[in-house]
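Summary of the model geometry
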Amino acid sequence: MTARYTLHGFFMSGPAYKVGLMLTLCGEAFDYVSVNLREGQHKTPEFLALNRYGQVPALVDTSNGRSLCQSGAILDYLADKTGQFGGATLDDRLRAREWLFWGWDKLDAPIYRLRAWKRGFRQFDEAQVAMYEAERKAALDMLEKWFEAGHVWLAGDQPTIADIDLFGVVVFADESGDDLTAYPAIRGWMDRFSALPHFAPPSTLLPPESRKAV
Ligand SMILES: N[C@@H](CCC(=O)N[C@@H](CS)C(=O)NCC(=O)O)C(=O)O
């Protein structure tokens, strides 16, 4: 089977998971190419031709030869191409994108960086760790308040790319610090999200090795 999309990612990458999650929730089978960050495969000329920033994920749309990078931009592109998860109304679309930009600013950095620090991939001094821990708490508090207020999803009454994007961060929260016991409303949203058709966790979507679409 020839898949329309090829995702280049790494098995531990949160941003690559977001893209794999979007594809799978949209019912799009995709070929997966494992880019070994530990061996520097993301800095080779071949990979830089796909993603000038030298980062995973990169997504190739074989129907038109486009290679796309930056997970938020890729989610936006896939929403456009599939007609799914973009937001039902203009207000929902705007709200979804507000959450995307907020996420990159406030949520992704502390959670991904603390996770990398805990796994020994990045080194921070005590003051930096304390700063990320405070940022992590502030961002999770913000999300908790949103769902505590009775919102079912982040933008409108259906899941959008905002939910996909932020789920792709919060799913790693327990690896970045305490589990989410103190955040029942976030956990409720995660349960709703995990019950969506075709949902798959990071371990299933991003294997350590490359694989063809099935
Ligand atoms: N803003 C980027 C972040 C991507 C990113 O941080 N990727 C990491 C892996 S999780 C990476 O490739 N790191 C290697 C590097 O930056 O050199 C996106 O959303 O795609």
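Residues numbered from 1 in each chain as written. Predicted model: local features only at pLDDT ≥ 70, side-chain atom pairs only at ≥ 80, totals over all residues. Heavy atoms only, no water.

Considering the packing of helix α4 (residues 90-118) against helix α5 (residues 126-148)
It is at 9 Å that the axes of α4 and α5 come closest, and there the two elements cross at 140°. In this view, α4 runs oblique relative to α5, as classed from their interaxial angle. Read as a crossing pair, α4 and α5 show a hand that is left-handed. Here Arg-95, Trp-99, Trp-102, Lys-106, Leu-107, Pro-110, Ile-111, Arg-113, Leu-114 and Trp-117 of α4 lie close against α5, whose contacting residues are Val-129, Tyr-132, Glu-133, Glu-135, Arg-136, Ala-139, Leu-140, Met-142, Leu-143 and Trp-146. Considering only residue class, the contact of α4 with α5 consists of 14 nonpolar, no polar and six charged. (Axes fitted to C-alpha atoms, helices over the stretch in contact; angles between N-to-C directions. Helix = DSSP H or I, 4+ residues; strand = E, 2+ residues; numbered from the N terminus. Parallel < 35°, antiparallel > 145°, perpendicular 65-115°, else oblique. Left-handed = near helix turned anticlockwise from the far one by under 90°. Contact = heavy atoms within 4.5 Å. Nonpolar A, V, L, I, M, F, W, Y, C, P; charged D, E, K, R; others polar.)

Thoughts on the packing of aromatic side chains
How two aromatic rings sit relative to each other is given by the distance of their centres and the angle of their planes. Counting across every chain of the model gives 13 aromatic pairs. An aromatic cluster is built from Phe-147, Phe-167, Trp-189, Phe-193 and Phe-199, whose rings are joined through pairwise contacts. (Phe/Tyr/Trp six-rings, centres within 6.5 Å; stacked < 30°, edge-to-face > 60°.)

Considerations on the pairing of strand β1 (residues 5-9)
Most of β1 sits inside the fold, with five of its five residues counted as buried. Every second residue of β1 is oriented toward a common face, with Tyr-5, Leu-7 and Gly-9 on one face and Thr-6 and His-8 on the other, all of them buried. Note: β1 against strand β2 (residues 30-34), five bridges, orientation parallel. Along β2, the bridge assignment pairs Leu-7 with Tyr-32. Handedness of the crossover is the feature at issue here: the chain leaves β1, passes through helix α1 (residues 14-25), returns alongside β2, and the resulting connection is right-handed. Direction of pairing for β1 relative to strand β3 (residues 58-61): antiparallel, over a ladder of four bridges. (Buried < 20%, exposed > 50% of the residue type's maximum accessible area, 1.4 Å probe, protein only. Pairing = 2+ DSSP bridges. Right-handed = clockwise from strand over helix to strand, strands pointing away.)

What about the nonpolar core?
Soluble globular proteins tend to bury their nonpolar side chains together. Among the nonpolar cores identified, the biggest contains 55 residues, and Leu-107, Leu-143 and Trp-189 are the most heavily contacted of them. Elements with a minimum of two residues in this core: β1, α1, β2, α3 (71-82), α4, α5, α6 (161-170) and α7 (184-194). Both domains that furnish three or more residues to this core are identified here as domain 1 (5-84 + 199-205) and domain 2 (90-194). If sequence neighbours within four positions are ignored, Trp-189 has contacts with Phe-147, Val-152, Trp-153, Leu-154, Asp-163, Leu-166, Phe-167 and Val-170. Residues Phe-10, Met-12, Val-35 and Phe-47 belong to the second largest nonpolar core, which totals six residues. (Core = buried A, V, L, I, M, F, W, Y, C linked by side-chain atoms within 4.5 Å. Domains from an automatic or database assignment.)

Here's the deal with a negative patch on the surface
A cluster of acidic side chains, namely Glu-133, Asp-174, Asp-178 and Asp-179, defines a negative patch on the protein surface. Turning to its location among the elements, Glu-133 is positioned in helix α5. For Glu-133, a relative accessible area of 41% corresponds to the partly exposed category. (Patch = residues over 30% accessible without salt bridge, like charges linked within 9 Å, V, L, I, M, F, W, Y side chains within 5 Å. Areas by Shrake-Rupley, 256 points an atom, 1.4 Å probe, with all protein chains shown as cover. Salt bridge = Lys/Arg side-chain N within 4 Å of Asp/Glu carboxyl O. Lys, Arg positive; Asp, Glu negative; His and termini not counted. Charge placed at Lys NZ, Arg CZ, Asp CG, Glu CD.)

Brief notes about the domain arrangement of the chain
Quite often, the size of an interface is put as the accessible area lost when its parts meet. By the assigned domains, the chain splits into domain 1 (5-84 + 199-205) and domain 2 (90-194). For domain 1 versus domain 2, the distance between C-alpha centres works out to 20 Å. On the domain 1 side of the contact with domain 2, Met-12, Lys-18 and Phe-199 bury the most area, a combined 39% of that side's loss. For Asp-76, the salt bridge goes to Arg-97, with nearest N and O atoms at 2.5 Å. Our count for the contact surface shared by domain 1 and domain 2 stands at four residue pairs in polar contact (both at pLDDT 80 or more). Among the secondary structure elements, those contributing two or more residues to the side of domain 1 that touches domain 2 are α1 and α3. No other element matches α1, which puts seven residues into the side of domain 1 that touches domain 2. Grouping the amino acids of the side of domain 1 that touches domain 2 by side-chain chemistry returns 10 nonpolar, three polar and three charged. (Buried area = accessible area lost by both parts, 1.4 Å probe. Polar contact = N/O pair within 3.5 Å; in protein donor to acceptor, adjacent residues only side chain to side chain.)

A few points about the site of the ligand
Close contacts around the ligand come from Ser-13, Pro-15, Leu-37, His-42, Lys-43, Gly-54, Gln-55, Val-56, Pro-57, Gln-70, Ser-71 and Trp-104, and that covers them all. Between Lys-43 and the ligand, the recorded distance is 2.9 Å, taken from a side-chain N or O atom to an oxygen atom. Taking Val-56, its main chain carries an N or O atom lying 2.8 Å from a nitrogen atom of the ligand. Isolated, the ligand exposes 510 Å² of accessible area, and the fraction of that covered by the protein chains is 73%. Among the residues making up the shell around the ligand, the classes are represented as five nonpolar, six polar and one charged. (Near = heavy atom within 4 Å.)

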